[in-house]
Amino acid sequence: MQWVAIVNGFLGEVTQLDQALLTCSSLKELFLGGSNIGDKEVEKLLCLAELTCLELSDTQISNKSIELCVGFEKLEKLYLYGTKITDECVDHIRRYKALTILGIIEDTLITKRGIE
């Protein structure tokens, strides 16, 4: 499976469908933008080691999720618009070895000073 779109991902308890998603070890791209996903749910995603693209825009994630995502060694694209991330997570982002596209410009708490 190459593409997955989740509209209301991880609301409350993990459902059977969500559990099935977590067993897709070859999943490459995951789009969770606009869902209620938070740090606790991002931690559950770490079993998806093949992810190259992760969309977390307009979710409830914080700096903790950015630190957790360092575990996605193949992650090339990360979208974080409209999240609560701050300048404190920039050092973690710099540790993403494969990252080539980072979407953080709009609606985050990261300042221009933080990315310099």
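A brief report on the enclosed structure follows. (Residues numbered from 1 in each chain as written. Predicted model: local features only at pLDDT ≥ 70, side-chain atom pairs only at ≥ 80, totals over all residues. Heavy atoms only, no water.)

**A few points about unusual backbone geometry**
Then comes step 1: Unlike most non-glycine residues, Asp58 shows phi in positive territory, near 55°.
Then comes step 2: Looking at where Asp58 falls in the secondary structure, it is placed in the loop between strand 3 (53-55) and helix 3 (63-68).
Then comes step 3: You can call Asp58 partly exposed: its relative accessible area is 49%. (Helix = DSSP H or I, 4+ residues; strand = E, 2+ residues; numbered from the N terminus. Buried < 20%, exposed > 50% of the residue type's maximum accessible area, 1.4 Å probe, protein only.)

**Re the nonpolar core**
Then comes step 1: In terms of nonpolar packing, the biggest core is built from 29 residues, with Leu30, Leu54 and Leu56 touching the most fellow members.
Then comes step 2: At the level of secondary structure, the elements contributing two or more residues to this core comprise helix 1 (16-22), helix 3 and helix 4 (90-93).
Then comes step 3: Those residues in contact with Leu56 that sit more than four places away from it in its chain are Leu32, Gly33, Ile37, Val42, Ile61, Leu78, Tyr79, Leu80 and Thr83. (Core = buried A, V, L, I, M, F, W, Y, C linked by side-chain atoms within 4.5 Å. Contact = heavy atoms within 4.5 Å.)

**Remarks on the pattern of salt bridges**
Then comes step 1: Under the criterion given, the structure shown has three salt bridges.
Then comes step 2: The salt bridge partner of Glu50 is Lys28, with a shortest N-O separation of 3.6 Å. Of this pair, Glu50 sits in the loop between helix 2 (39-44) and strand 3 while Lys28 sits in the loop between helix 1 and strand 2 (29-31), and the two are 22 residues apart along the sequence.
Then comes step 3: A relative accessible area of 27% means that Lys28 is categorised as partly exposed.
Then comes step 4: The salt bridge partner of Lys74 is Glu50, with a shortest N-O separation of 2.8 Å. Of the two residues, Lys74 sits in the loop between helix 3 and strand 4 (77-79) while Glu50 sits in the loop between helix 2 and strand 3, which places them 24 residues apart along the sequence.
Then comes step 5: Note on Lys74: relative accessible area 39%, which makes it partly exposed.
Then comes step 6: Sharing partners across several salt bridges, the network here consists of Lys28, Glu50 and Lys74. (Salt bridge = Lys/Arg side-chain N within 4 Å of Asp/Glu carboxyl O.)

All quantities given are derived from atomic positions and should not be read as evidence of function.
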